[in-house]
Amino acid sequence: MKHTALYLRVSTEAQADEGYSLAAQAEKLEAYCRMKGISQFRRYVDGGFSGSNLSRPAVGELIEAIRGGAVERVVVYKLDRLSRSQKDTLYLIEDVFLPHGVDFVSINENIDTGSPYGRAMIGILSAFAQLERENIFLRTRMGMIERVKQGLWPGGGKIPFGYDYDAAQGILVPNQDADTVREIYARYLAGQSTGRIARELGLRYEHLVRQILQRESNTGVIVYKGECYPGRHEPLIDRETFARAQRRLHRPGRPRAAPGGKLLSGLLVCGHCGAKMRYQKWGAAGDKLVCYSRDKSKPHLVHDENCPNRGVMAREVEAVVIRDLARLAAEPAQPVGGAGDEAACRRALDRAARKLRRLYELYAEGEDDTLRAAIDQARRARDRAAQALEDVRQAVQHARQDEAGRALETIGACWDRLTDAERQALVRACVDRIVLQSGKIEVYYAIDGAPPCAADAG
């Protein structure tokens, strides 16, 4: 026998609202059935589910029962109990209920799709239900923006590594992992790879290290919907440390760190085929630099199976690089001013561009002198933002050169006292790549104005 489906729903935010509790809905729905003489009915209950979509277990069960021919009508206490989405409401009624001969009744709005009037009212009322849902979303978002403007943590999602959330104050507070965050930045800026940092600090994933390095909230700000707001929480690092880490993370073509600590690992390129080169034990003579194209154990790194590059002894190339770096260190480049916040300038440019597009759209709908003046002003603002971004990019490039200059000064002052890892980090800061071809050595620098060094092996 077919039955009447009584659908009940409460969302988490409306759980205690008068008239919306599951018990209150059930009482009214069953009273309706008694009044209509309906004895065969079944409850379909979604407790704690939003009405903004149909991803609800009881709705899925109801649809299956309808398609199986077991339901003759669906009754709800109020239309928005079924759905707050106009699209979903019309889908259920027009594509599920009506094709299977199932009537729909909403007690509160006195709607019954058995009549033409009832079917017309469905579209009108479901539109208002969707409007209310969108208003709730807008009010919630506006309240959240106001919250972050006050420097309070917005909540939701995961709490950043190194912090706990203090609900009483509404802010982040450093926890026992805060020192680990500071150590990650220190090691990364000293030249260690993210993988090595993860291993040595006991972190499960290398990706976690990269996430921490890119998390701007570590500097005491809150990033919400692409905008930055000053936060009330204590910063774990300063802005300059964060900016230096970003420059290294996003350095174009930056060589990856070598866990083995070899001086030139990650910088070597074969001049014959363009493949990478690596250190290889060569008996008592020491290490030899060999092309990956001649190493069949890693076919994905092979560029030319017939590469003629037979390699060169590592100590010969290292001697050339160290000697030329010492020469450059004698006359280091003068430091250039620091870098600005490129991400903030990019966001400002995006905002200016979006505003200009909106004004153009309004102007297309109806020409207006006021809009024309606003468009001219917005265009100038966009151009200023674009110039500011370009200025910051130039400053970032100069800052990179400044770091290379500082590395050169270190090489000239205390090379003999450095560890292998420290030497590798300094070389990587100064050298872009080293090309080896038929006994020829070419060293290309990441230092503005420094010409390549060309030398013969041996």
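Calculation rules
- Residues numbered from 1 in each chain as written.
- Predicted model: local features only at pLDDT ≥ 70, side-chain atom pairs only at ≥ 80, totals over all residues.
- Heavy atoms only, no water.
- Helix = DSSP H or I, 4+ residues; strand = E, 2+ residues; numbered from the N terminus.
- Buried < 20%, exposed > 50% of the residue type's maximum accessible area, 1.4 Å probe, protein only.
- Contact = heavy atoms within 4.5 Å.
- Areas by Shrake-Rupley, 256 points an atom, 1.4 Å probe, with all protein chains shown as cover.
- pLDDT = per-residue confidence, 0-100.
- Axes fitted to C-alpha atoms, helices over the stretch in contact; angles between N-to-C directions.
- Parallel < 35°, antiparallel > 145°, perpendicular 65-115°, else oblique.
- Nonpolar A, V, L, I, M, F, W, Y, C, P; charged D, E, K, R; others polar.
- Pairing = 2+ DSSP bridges.
- Core = buried A, V, L, I, M, F, W, Y, C linked by side-chain atoms within 4.5 Å.
- Phe/Tyr/Trp six-rings, centres within 6.5 Å; stacked < 30°, edge-to-face > 60°.
- Lys NZ or Arg CZ within 6 Å of the ring centre and 35° of its normal.
- Patch = residues over 30% accessible without salt bridge, like charges linked within 9 Å, V, L, I, M, F, W, Y side chains within 5 Å.
- Salt bridge = Lys/Arg side-chain N within 4 Å of Asp/Glu carboxyl O.
- Lys, Arg positive; Asp, Glu negative; His and termini not counted.
- Charge placed at Lys NZ, Arg CZ, Asp CG, Glu CD.
- Polar contact = N/O pair within 3.5 Å; in protein donor to acceptor, adjacent residues only side chain to side chain.

### With respect to the overall build of the chain
Part 1 of the reasoning: A tally of regular secondary structure across the chain gives 13 helices and 16 strands.
Part 2 of the reasoning: A total of 458 residues make up the chain; the buried ones form 40% of that total.
Part 3 of the reasoning: For the chain, the share of sequence-separated contacts (at least 6 apart) that also reach a separation of at least 24 residues comes to 59%.
Part 4 of the reasoning: Accessible surface computed for the chain: about 24700 Å², of which carbon and sulfur atoms make up 50%.

### Re the confidence of the model for the chain
Part 1 of the reasoning: For the chain, the average pLDDT comes to 79, and 78% of its residues sit at 70 or higher.
Part 2 of the reasoning: Contacts for the low-pLDDT stretch residues 332-340, under 50 throughout, to residues beyond four places or in other chains number 16 contacts.

### Topic: the packing of helix α2 (residues 57-67) against helix α4 (residues 86-97)
Axis angle and axis distance: for two packed helices, these are the angle between their axes and the distance between the axes, and together they describe the pair.
Part 1 of the reasoning: It is the contact of α2 with α4, at a shortest axis distance of 11 Å, that shows an interaxial angle of 25°. Relative to α4, α2 is oriented roughly parallel. Taken together, the residues of α4 that come into contact with α2 (itself represented by I63, I66 and R67) are Y91, L92, V96 and F97.
Part 2 of the reasoning: Residues belonging to the contact of α2 with α4 are distributed by class as follows: 6 nonpolar, no polar and 1 charged.

### Some words on the pairing of strand β12 (residues 287-291)
Along any regular strand, the residues point their side chains to alternate faces of the sheet.
Part 1 of the reasoning: The buried fraction of β12 is high, at 5 of 5 residues.
Part 2 of the reasoning: Bridging between strand β11 (residues 277-281) and β12 involves 5 bridges; their strand directions are antiparallel. Counted as the bridge partner of K281 is D287 from β12.
Part 3 of the reasoning: Remark: 5 residues form the turn of the hairpin made by β11 and β12, two consecutive strands paired antiparallel; G283 in that turn has positive phi of roughly 65°.
Part 4 of the reasoning: Examined bridge by bridge, β12 and strand β13 (residues 312-313) share 2 bridges and lie antiparallel to one another. Within β13, the position partnered with K288 by the bridge is M313.

### Observations regarding the nonpolar core
Part 1 of the reasoning: Counting residues in each nonpolar core, the largest one holds 29 residues, and the members touching the most others are L264, L289, V317, V321, V431, I434 and L436.
Part 2 of the reasoning: Where this core is concerned, the elements lending two or more residues are β10 (268-270), β11, β12, α10 (314-329), α13 (420-430), β14 (431-437) and β15 (440-445).
Part 3 of the reasoning: The leading source of residues in this core is α10, at 6 residues.
Part 4 of the reasoning: For I434, the contacting residues outside a window of four places in its chain are L264, L267, L268, V269, V317, V321, I441, E442 and V443.

### Some thoughts on the side chain of S11
Part 1 of the reasoning: Along the polypeptide, S11 turns up in the loop between β1 (3-10) and α1 (22-36).
Part 2 of the reasoning: Classification of S11 as buried rests on a relative accessible area of 5%.
Part 3 of the reasoning: The residues contacting S11, other than those within four sequence positions of it, are G48, F49, S50 and R81.

### Topic: the packing of aromatic side chains
Part 1 of the reasoning: Taken as a whole and judged by the stated rule, the model has 1 aromatic pair.
Part 2 of the reasoning: In this arrangement the basic side chain of K288 is found over the ring face of W282, its NZ or CZ atom lying 4.2 Å from the centre.
Part 3 of the reasoning: The positively charged end of R433 is found above the aromatic ring belonging to Y444, 4.1 Å away from the centroid.

### Thoughts on a positive patch on the surface
Part 1 of the reasoning: Side chains of R354, K355, R357 and R358 sit close together on the surface and give a patch of like positive charge.
Part 2 of the reasoning: With respect to the helices and strands, R357 occurs in helix α11 (residues 342-365).

### Description of the sheet that holds β12
Part 1 of the reasoning: Reading across the sheet, the 3 strands line up as β11-β12-β13 and stay open at both edges, with antiparallel pairing between neighbours. Of all strands in the sheet, those bounded by a partner on one side alone are β11 and β13.

### Notes on the side chain of N309
Part 1 of the reasoning: For N309, the position within the fold is in the loop between β12 and β13.
Part 2 of the reasoning: Here N309 falls in the buried class, since its relative accessible area comes to 5%.
Part 3 of the reasoning: Within the structure, the side chain of N309 is placed 3.0 Å from the backbone nitrogen of G311, a separation counted as a polar contact.
Part 4 of the reasoning: Looking at N309, its side chain comes within polar contact range of the main-chain oxygen of L436, at 3.2 Å.
Part 5 of the reasoning: The contacts of N309, once residues within four sequence positions are left out, are C270, G271, H272, M277, C291, R294 and L436.

### Considerations on the pattern of salt bridges
Part 1 of the reasoning: Scanning the model with the defined rule gives 15 salt bridges in all.
Part 2 of the reasoning: In this structure, the salt-bridge partner of R247 is E240, at a minimum N-O distance of 3.5 Å.
Part 3 of the reasoning: In this structure R247 comes out as buried when scored by relative accessible area, which is 8%.
Part 4 of the reasoning: Residue R433 pairs with D432 through a salt bridge whose shortest N-O separation is 3.0 Å.

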